[in-house]
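Next come the chains, spelled out residue by residue.
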Amino acid sequence: MKTMLYSFLMAAAVATPLVGCSDDDAPMEQRDWNTTTLFAASDAAAQDIYYKPLSGYVGDPMPFYDPVAKDFKILYLQDYRPNPVGTYHPIWGVSTTDAASYTSLGELIPCGGINEQDAALGTGSTIYNESDKLYYTFYTAHKYELAAGDSREMVMMATSPDFKTWTKSRTFYLRGADYGYEMHDFRDPFVFRGDDNLYHMLVSCKKGGKGVLAEWTSSDLKAWDHKGVFMSCMWDRFYECPDVFKMGDWWYLVYSELHSAVRKVQYFKGRTLDELKACTQSDAGLWPDAHEGYLDSRGLYAAKTASDGTNRYIWGWCATRSGKDNTKAIDWAGNLVAHKLIQHDDGTLTLGEVPAIAAKFANAAAPAIAAKSTTEGGS
């Protein structure tokens, strides 16, 4: 039914925080929400190659190649420590041309009010519509306090003519319960262009208790047709942050496996979208390679890709640990980590170095020898 919806160098191989400051000059990482003295939205970065804002951390990157500005824009969920109650994870952004140095774009899409559907924001995706010269960002809207019949999560949309000023649609609300999906797990919308010249939107959700990726299509990014289940998640799994793209003759789905026993970024491949969809049919597990499509270790999560037509990079976050202690469980969000995606003749994927990052470490330097202590045992 057609409906007008209401309107790396291998840095990520370890999960330790990528912090390059001493204790004396470390940037402030905690935010006091009881003060009216707030950080500016354009705070300088604390770290650049593996980006981290001056205050807080990067969560769930949403990379996008901007065909107008000819650069990559990486939107992300800004994670403060602590976050304010109820309204958290506004969408911030950075831009880059080489995945090795970044310019902060500050806050792009703010959280809604405490009683609004998008009190907290979640993962989404951005696409440019040439016909109306607008950027569209579809994102997860997470409600804080639920009344009877409310959905915890919906998909909402914001548009911008210049990637600076964003306007939230007050008529576009995509609610899973309207299409037979469960009310509270309905998130991570991803929009891509298919070979049919239509826009396709995938949403991570549940149907009958089972994780699925649901699909809608549109010709204008405004009116959407529900197409049913694009792919069922195998067994008891849930695929977060889906990313679908075509590279050469192959279609790929990159996703992050939520299950605590896995918690890694993986992929499937197919010669067509239909072949890609069939990779999990009847819990078959048609893996693309000998290691179940794993792209990295547990040090990389929520990774998604973008291409300038020549190179395709993948950005994810490398988690921190409380107290910078490797024996503790990982925290959500961290530093932004980029790799170059390498496609092999058989269609399999691996990760490679980002040339611009490698170039920054290309000059060998002789180690400096510090003066030796004259005191026994050193001091």
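Check the entry above for the structure.
Predicted model only: the values in this text are computed from it and were never measured.

S.K.: In this structure, what is going on with the overall build of the chain? I would like to understand it.
M.R.: The number of helices and strands found in the chain is two helices and 22 strands. The buried share of the chain, taken over its 379 residues, is 53%. Of the roughly 16800 Å² that the chain leaves accessible, carbon and sulfur atoms contribute 51%.

S.K.: In this structure, what is going on with the sheet that holds strand 8 (residues 120-129)? I would like to understand it.
M.R.: Two pairing modes exist for strands in a sheet, parallel and antiparallel, and in both the strands are linked by backbone hydrogen bonds. Judged by pairing direction, the sheet is antiparallel, and its four strands sit side by side in the order 8-9-10-11 without closing on themselves. Each having just a single partner strand, strand 8 and strand 11 (167-168) make up the two edges of the open sheet. Bridging between strand 8 and strand 9 (residues 134-142) involves nine bridges; their strand directions are antiparallel. Looking across to strand 9, one finds that G124 is bridged to Y139.

S.K.: Where do I start with the side chain of K168 in this structure?
M.R.: Locating K168 in the fold gives a position in strand 11. On the basis of relative accessibility, which here comes to 14%, the residue K168 falls in the buried class. There is a polar contact of 2.7 Å between the side chain of K168 and the backbone oxygen of P110. In this structure the side chain of K168 is engaged in a polar contact, spanning 2.7 Å, whose partner is the side chain of D118. Leave out the neighbours within four places in its chain, and K168 touches I109, P110, C111, G112, D118, Y139, M157 and A158.

S.K.: Explain the sheet that holds strand 17 (residues 250-257) here, please?
M.R.: Strand order in the open sheet made by the three strands is 16-17-18, with antiparallel pairing throughout. The two strands at the open ends of the sheet, each matched to only one other strand, are strand 16 (239-247) and strand 18 (265-270). Each strand of the sheet is rotated relative to its neighbour by a mean of 20°, with strand direction disregarded. In this sheet, strand 17 lies alongside strand 16 in antiparallel orientation, the contact comprising seven bridges. Note that in strand 17 the partner of Y239 across the bridge is E257.

S.K.: Sorry, what's going on with the side chain of D79 here?
M.R.: Looking at the element boundaries, D79 is found in strand 5 (residues 71-79). By relative accessible area, which is 4% here, D79 ends up buried. With residues up to four places along the chain from it excluded, the contact list for D79 reads G56, Y57, H89, W332 and A333.

S.K.: When you look at the layout of surface pockets in this model, what are you seeing that I'm missing?
M.R.: Any space left empty among the atoms is revealed by the rolling of a water-sized probe across them. Here the largest pocket defines a volume of roughly 550 Å³. Lining the largest pocket are 22 residues, with F64, I127, F192, S307 and R312 sitting closest to its centre. Looking at the lining of the largest pocket residue by residue, the classes come out as 13 nonpolar, four polar and five charged. Reported here for the second largest pocket is a volume of approximately 350 Å³. Forming the boundary of the second largest pocket are 22 residues, of which D60, L77, H89, G122 and W332 lie nearest the centre. Those elements that place two or more of their residues in the lining of the second largest pocket are strand 5, strand 8, strand 9, strand 12 (186-193) and strand 16. If you tally residues by element for the lining of the second largest pocket, the top one is strand 8, at four residues. Class assignment for the residues of the lining of the second largest pocket results in eight nonpolar, six polar and eight charged.

Cut-offs and rules
- Residues numbered from 1 in each chain as written.
- Predicted model: local features only at pLDDT ≥ 70, side-chain atom pairs only at ≥ 80, totals over all residues.
- Heavy atoms only, no water.
- Helix = DSSP H or I, 4+ residues; strand = E, 2+ residues; numbered from the N terminus.
- Buried < 20%, exposed > 50% of the residue type's maximum accessible area, 1.4 Å probe, protein only.
- Areas by Shrake-Rupley, 256 points an atom, 1.4 Å probe, with all protein chains shown as cover.
- Pairing = 2+ DSSP bridges.
- Polar contact = N/O pair within 3.5 Å; in protein donor to acceptor, adjacent residues only side chain to side chain.
- Contact = heavy atoms within 4.5 Å.
- Axes fitted to C-alpha atoms, helices over the stretch in contact; angles between N-to-C directions.
- 1 Å grid on protein atoms, 1.4 Å probe; cavity = no way out; pocket = protein on both sides within 12 Å on 5 of 7 lines; lining within 4 Å.
- Points joined across faces, edges and corners; volume = space filled by probe spheres on them.
- Nonpolar A, V, L, I, M, F, W, Y, C, P; charged D, E, K, R; others polar.

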